[in-house]
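# A look at the structure
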Amino acid sequence: MATSKARAEWQGSIKEGKGNMNFTGYNGTYSFATRFENEEGTNPEELLGAAHAGCFSMYLSLLLTEQGLQPENISTLAIVQVNKDDIGPFIQSIEIECEVKCTGLTHEKLQELAAITKEKCPVSRLFAGGTATIEATAKLL
């Protein structure tokens, strides 16, 4: 199967510092203010939301195609809510809003396939837990 890579760099302290995230076709800066204070720019949660929306759209397209349907357009918005507890910030919820244009698709069938997609798309599975191991190494430069 496929392997993807992304890189992030951070320079400076948490509040005054800034970072850069990049991967194929994307390069963007981020900071404390873009993450926690609504300053213009990106943040990790926004990129996770984009990944989830993209994965959801593609998986739903797969299911529609397997039903013999030909989706014209699938537009998915992921709303990522961050909260804070005694450990620190955490992703509390992700709300998916999806609009589909597909001739022959009924509301009932869309609801059925969207529910399957929510459970089975790879990013949903990762967020639900249990599908990925995370290993971390660190070295001093």
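Look a little higher up for the structure.
Thresholds, definitions, all that
Residues numbered from 1 in each chain as written. Predicted model: local features only at pLDDT ≥ 70, side-chain atom pairs only at ≥ 80, totals over all residues. Heavy atoms only, no water. Disulfide = S-S within 2.5 Å. Helix = DSSP H or I, 4+ residues; strand = E, 2+ residues; numbered from the N terminus. Expected span 1.5 Å × (residues − 1). Buried < 20%, exposed > 50% of the residue type's maximum accessible area, 1.4 Å probe, protein only. Contact = heavy atoms within 4.5 Å. Core = buried A, V, L, I, M, F, W, Y, C linked by side-chain atoms within 4.5 Å. Phe/Tyr/Trp six-rings, centres within 6.5 Å; stacked < 30°, edge-to-face > 60°.

All right, on to the state of the cysteines then. Applying the stated criterion across every chain yields a total of zero disulfides. No disulfide involves Cys 55; its sulfur sits 3.5 Å from that of Cys 121, the nearest cysteine. Lacking any disulfide linkage, Cys 98 is separated from the closest cysteine sulfur, that of Cys 121, by 11 Å.

The next thing to look at is helix α2 (residues 44–66). In this model, α2 (23 residues) spans 33 Å end to end at C-alpha, consistent with the 33 Å of a helix rising 1.5 Å per residue. Burial in α2 covers these residues: Glu 45, Gly 49, His 52, Ala 53, Cys 55, Phe 56, Ser 57, Tyr 59, Leu 60, Leu 63 and Leu 64. Tucked into the core, α2 has its buried residues touching α1 (32–36), β4 (73–84), β5 (89–101), α3 (107–120) and α4 (122–128). Immediately beyond the C-terminal end of α2, within one or two residues, lies Gly 68, with a positive phi of roughly 85°.

Ranked by size, the top nonpolar core spans 14 residues in total, and within it Leu 60, Leu 64, Leu 69, Leu 105, Leu 113 and Cys 121 carry the most contacts. Counting only elements with at least two residues in this core, the list comes to α2 and α3. The dominant element in this core, judged by the number of residues it contributes, is α2, at six residues. Residue contacts for Leu 64: discarding those within four places in its chain leaves Leu 69, Pro 71, Ile 74, Val 100, Leu 105 and Leu 113.

A word on the packing of aromatic side chains. The tally for this structure, following the rule as stated, stands at three aromatic pairs. Note on Phe 23 and Tyr 26: the rings are 5.0 Å apart at their centroids and 25° apart in plane angle, and the pair reads as stacked. With relative accessibility at 35%, the residue Phe 23 sits in the partly exposed group. Since its relative accessible area comes to 26%, Tyr 26 is described here as partly exposed.

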